[in-house]
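# Architecture and fold: a report
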Amino acid sequence: MITVLKYLKIGIVFLLIGLGTWAVIANYSVVFSHTVIGEVVDVVRIELPVTLVTKSEADFNSKVFSFAVGIKDQKTGEIHTASSEDRQWAVVHKGNCVEAVYLPYPPWDFRKKGTYFGARLIRLLDKCP
């Protein structure tokens, strides 16, 4: 009876470790995201010079509302860049102060390792303090 409880406890521990690992891997970009507060160096709407023929509206929206975002970090002076499909970037102009969350590509995506996608606009201010 004691050995059954012992194996049950070990099984539960391994199950919890497995679930925790799965949760981190599945949500890697959110878990390891970082927030940047600073001045917008540039935000450019990427325009495609071709006619889009897509299977779904979601695919169409992701292509039409694509932006390249560059923000100069207030603290370090480093310029952070990312791509984004967030329509909120359409109202942001060069010189505005923003708070944005940058989502990194996971390290197992070797072609995009170390770069960011999905810059999410959190706050928009006229000028940085």
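Here, the structure is the one placed above.
Below is a short write-up of the structure. (Residues numbered from 1 in each chain as written. Predicted model: local features only at pLDDT ≥ 70, side-chain atom pairs only at ≥ 80, totals over all residues. Heavy atoms only, no water.)

## Points about the nonpolar core
Where we set the bar: By nonpolar core we mean a set of buried residues, namely Ala, Val, Leu, Ile, Met, Phe, Trp, Tyr and Cys, connected to one another through side-chain atoms within 4.5 Å. When a residue's accessible area, from a 1.4 Å probe over protein chains only, is under 20% of the maximum for its type it is buried; when over 50% it is exposed; and in between it is partly exposed. In this description a helix means any DSSP run of H or I spanning at least four residues, a strand means any run of E spanning at least two, and both kinds are numbered starting from the N terminus. The contact definition used throughout considers only heavy atoms, calling two residues in contact when any of these lie within 4.5 Å.
Core analysis: the largest hydrophobic core is formed by 14 residues, its most contacted members being Val43, Val69, Ile71, Trp89, Val92, Val98 and Tyr102. Taken together, the elements giving at least two residues each to this core come down to strand S1 (34-45), strand S2 (67-73), strand S4 (97-104) and strand S5 (116-125). Not counting chain neighbours up to four residues away, the residues in contact with Tyr102 comprise Ser33, His34, Val36, Val69, Ile71, His80, Thr81, Ala82, Tyr116 and Ala119.

## A closer look at the state of the cysteines
Selection criterion: The term disulfide is used for any two cysteine sulfur atoms that are within 2.5 Å.
Within the structure shown, the criterion is met by one disulfide. Covalently, Cys97 is tied to Cys128 through a disulfide, its sulfur atoms 2.4 Å apart. Torsion about the S-S bond of the Cys97 and Cys128 cystine: about 95°, corresponding to right-handed handedness. Linking Cys97 in strand S4 with Cys128 in the segment after S5, this pair joins segments that are 31 residues apart in sequence. On the accessibility criterion, Cys128 (28% relative accessible area) is partly exposed.

## Some thoughts on the pairing of S2
The criterion, for reference: One requirement defines pairing of two strands: DSSP has to find at least two bridges between them.
Of all seven residues that make up S2, five are buried, and the element is covered over most of its length. Sheet analysis places S1 next to S2, joined by seven bridges and oriented antiparallel. Within the sheet, the bridge partner assigned to Gly38 lies in S2 and is Asp73. In terms of strand pairing, S2 meets strand S3 (residues 79-84) through six bridges, oriented antiparallel. Each residue of the ladder has a partner; that of Phe67, found in S3, is Ser84.

## What to know about a nonpolar patch on the surface
Selection rule: Patch building starts from residues that exceed 30% relative accessible area and form no salt bridge, then joins like charges within 9 Å and nonpolar side chains (Val, Leu, Ile, Met, Phe, Trp, Tyr) within 5 Å. All accessibility values rest on the Shrake-Rupley procedure with a 1.4 Å probe; residue burial counts only the protein chains present in the view. The working definition used for a salt bridge is a side-chain nitrogen of Lys or Arg within 4 Å of a carboxyl oxygen of Asp or Glu.
A contiguous nonpolar patch, built from Leu5, Leu8, Ile12, Leu15, Leu16 and Leu19 and spanning about 590 Å² of accessible area, is present on the exposed surface. Mapped onto the elements, Leu19 comes out in helix H1 (residues 2-26). Given the relative accessible area of 47%, Leu19 is considered partly exposed.

## Overview of the environment of Val31
Looking at the element boundaries, Val31 is found in helix H2 (residues 28-31). Between the C-alpha atoms of Val31 and Pro104, which are 73 residues apart in sequence, the distance is 9.5 Å.

## Details of the packing of aromatic side chains
Threshold: Stacked, edge-to-face and tilted are the three classes for Phe, Tyr and Trp ring pairs, Trp counted by its six-membered ring, which pair at centre distances within 6.5 Å; planes under 30 degrees apart are stacked, over 60 edge-to-face, the rest tilted.
Following the criterion strictly, the structure yields four aromatic pairs and no others. Ring plane angle 40° and centroid distance 4.6 Å describe the contact between Tyr28 and Phe32, whose orientation is recorded as tilted. A relative accessible area of 44% places Phe32 in the partly exposed class. Ring centres 4.8 Å apart and planes at 40° place the aromatic pair Tyr105 and Phe117 in the tilted group. In this pair, Tyr105 sits in the loop between S4 and S5 while Phe117 sits in strand S5, placing the two residues 12 residues apart along the sequence. Taking the relative accessible area as the measure of exposure, Phe117 reaches 25% and is therefore partly exposed. Each residue in the set Tyr28, Phe32 and Trp108 is aromatic and connected to the rest through ring pairs, giving one cluster.

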